[in-house]
Amino acid sequence: MSAKTKVAVLISGRGSNMEALVRAAKAADCPFEIALVLANKPDAGGLATAAAEGIEALCVDQKPFGKDREAHERAIDAALRERGIQVIALAGYMRILTPFLVDAWEGRMLNIHPSLLPAYPGLDTHARAIAAGDAEAGCTVHLVTAGVDEGPILGQARVPILPGDDDHSLAARVLEQEHKLYAATLSAFVTERL
């Protein structure tokens, strides 16, 4: 068995998708390992979760960098390279990236988004899908490019919108699919890269 691909998961909050990736990585046949969980906020709940799993949990706090987002990303990039990270998985990382980080990790940075892209990029995806009268919603794993939620689609999972759904009930069902889809898509992605 060749060495597992070293993945860093970037989070801003509790990191439920990060937890799903950590669980998936425990399988003997998983082609990736979560080598680092990195947050932009010191109070991100997912940092404690990662540390409890024995994974390096690092905060590169955005605050000291003020409005200089690229300087913040340069500090993140340095931390990733120092640790030999090969692929980045964004999991609820709530910052719009600058061209610096997007270009530095082109073709090696994935994101999960709670809609069936290209429908509903950005925020409030579930409420927008319900308001539009859509029959289904879902989630998408895509490569990160300069445009918000515009990169090539690597995988999708569909979830029916049920009568009486609100954005919270729909979000809960979509999140269950996100957890399965992200791990499966990341596994397929790193296997193809190898």
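One numbering rule holds for all chains: residues counted from 1, following each sequence as written. Only residues with pLDDT of 70 or above have their local features reported here, since the model is predicted, and side-chain atom pairs are shown and tallied only from 80 upward, although totals for entire chains, interfaces and linings are computed over all residues. Hydrogens and water are ignored here; the side-chain numbers use all heavy atoms of the structure.

Visitor: What is the right way to look at the overall build of the protein in this model?
Guide: Put simply, DSSP H or I for four residues or longer makes a helix, DSSP E for two residues or longer makes a strand, and each gets a number counted from the N terminus. Secondary structure assignment for the protein yields six helices and seven strands. Counting from the amino terminus, helix and strand elements in the protein follow one another as β-α-β-α-β-α-β-α-β-α-β-β-α. Throughout, the radius of gyration refers to the C-alpha atoms, and the reference size of a globule is 2.2 Å times the residue count to the power 0.38. Expected size for 194 residues packed as a compact globule is a radius of gyration near 16 Å; at 16 Å, the protein falls within 12% of this value. In terms of overall dimensions, the protein has C-alpha extents of about 50 × 45 × 30 Å along its principal axes. Exposed residues in this analysis have more than 50% of their type's maximum accessible area, buried residues have under 20%, and partly exposed residues fall in between, with area computed by a 1.4 Å probe over protein chains only. The 194 residues of the protein split such that 47% are buried.

Visitor: Any chance you could explain the nonpolar core here in plain terms?
Guide: Side chains that are nonpolar tend, in soluble globular proteins, to be buried together. Definition used in this section: a nonpolar core is a set of buried Ala, Val, Leu, Ile, Met, Phe, Trp, Tyr and Cys residues joined via side-chain atoms within 4.5 Å. In this structure, V9, L21, F32 and I34 are the most contacted members of the largest nonpolar core, which totals 38 residues. In terms of residues, this core owes the most to one element, helix α6 (residues 167–193), which gives eight residues. Ignoring any residue separated from it by four or fewer positions in sequence, one finds F32 in contact with K4, T5, V7, L21, A24, A25, A183, L186, S187 and V190. Grouped together as the second largest cluster of nonpolar side chains are 21 residues, V60, I88, Y93 and V102 included. Between two residues, a contact is recorded if the distance between any of their heavy atoms is within 4.5 Å.

Visitor: What am I meant to see in the sheet that holds strand β5 (residues 109–113) here?
Guide: Strand order in the open sheet formed by seven strands is β3-β2-β1-β4-β5-β6-β7, with mixed pairing between adjacent strands. Strands with a single pairing partner mark the edges of an open sheet, and in this sheet they are β3 (56–59) and β7 (153–160). Pairwise comparison of adjacent strand axes, ignoring direction, gives a mean angle of 20 degrees for this sheet. Relative to β5, strand β4 (residues 87–90) runs parallel, the two being bridged by three bridges. Across the sheet, the residue bridging to L90 is N111, located in β5. Lines fitted to the C-alpha atoms define the axes, with helices restricted to the stretch that makes contact. Angles between their N-to-C directions range from 0 to 180 degrees. Sitting on the sheet, helix α2 (residues 45–52) is in contact with β1 (5–11), β2 (32–39) and β3, with an inclination near 155 degrees to β3. A pair of strands is considered paired only if DSSP assigns at least 2 bridges between the two.

Visitor: Quick question: what am I supposed to make of α2 here?
Guide: Because each turn of an α-helix spans 3.6 residues, side chains separated by three or four positions end up pointing in the same direction. When α2 is considered as a whole, its buried residues turn out to be G46, L47 and A50. Angular distribution of buried residues about the axis of α2 spans 105 degrees; they occupy a single face of the element. What points out from α2, more than 90 degrees from its buried face, is the exposed set A48 and A52. Positioned one or two residues after α2, G54 has a phi angle of 80 degrees, which is positive. Working note: the arc is built from the helix axis to C-beta atom directions.

Visitor: Whenever I open this one, the packing of helix α1 (residues 16–25) against α6 confuses me. Can you help?
Guide: Axis angle and axis distance: for two packed helices, these are the angle between their axes and the distance between the axes, and together they describe the pair. Between α1 and α6, the least distance of the axes is 9 Å, while the angle of their chain directions is 45 degrees. Between α1 and α6, the angle is such that the two are oblique. Our pair here, α1 against α6, has a crossing hand that is right-handed. Seen from α1, the contacting residues are S16, N17, A20, L21, R23 and A24; seen from α6, they are L175, E178, H179, Y182, A183 and L186. Any angle between 65 and 115 degrees counts as roughly perpendicular, while under 35 counts as roughly parallel, over 145 as roughly antiparallel, and the rest as oblique. Should the near helix be turned counterclockwise from the far one by less than a right angle, the crossing is left-handed, whereas a clockwise turn marks it as right-handed.

Visitor: Explain the state of the cysteines to me, please; I cannot follow it from the model alone.
Guide: Every disulfide links exactly two cysteines, by a covalent bond between their sulfur atoms. By definition, disulfides here are pairs of cysteine sulfur atoms that lie within 2.5 Å. According to the stated counting rule, one finds zero disulfides in the structure shown. Of all cysteine sulfurs, the one in C139 lies closest to C30, which takes part in no disulfide; the gap is 18 Å.

Visitor: What should I look at first to understand the pattern of salt bridges in this one?
Guide: For side chains of opposite charge, pairing can occur when their charged atoms come near one another. A pair is scored as a salt bridge if a Lys or Arg side-chain nitrogen falls within 4 Å of a carboxyl oxygen belonging to Asp or Glu. Inspection of every chain in the model, using the stated rule, returns seven salt bridges. It is possible to trace a salt-bridge network through shared partners that takes in E56, E82 and R83.

Visitor: When you look at the pairing of strand β6 (residues 136–143) in this model, what are you seeing that I'm missing?
Guide: On any regular strand, side chains alternate: one points to one face of the sheet, the next to the other face. With seven of eight residues buried, β6 lies mostly within the body of the structure. Summarising the sheet, β5 and β6 pair through four bridges and their orientation is antiparallel. When the sheet's bridge partners are listed, L110 is paired in β6 with L143. Note: β6 against β7, seven bridges, orientation antiparallel. Within β7, the position partnered with V141 by the bridge is G155.

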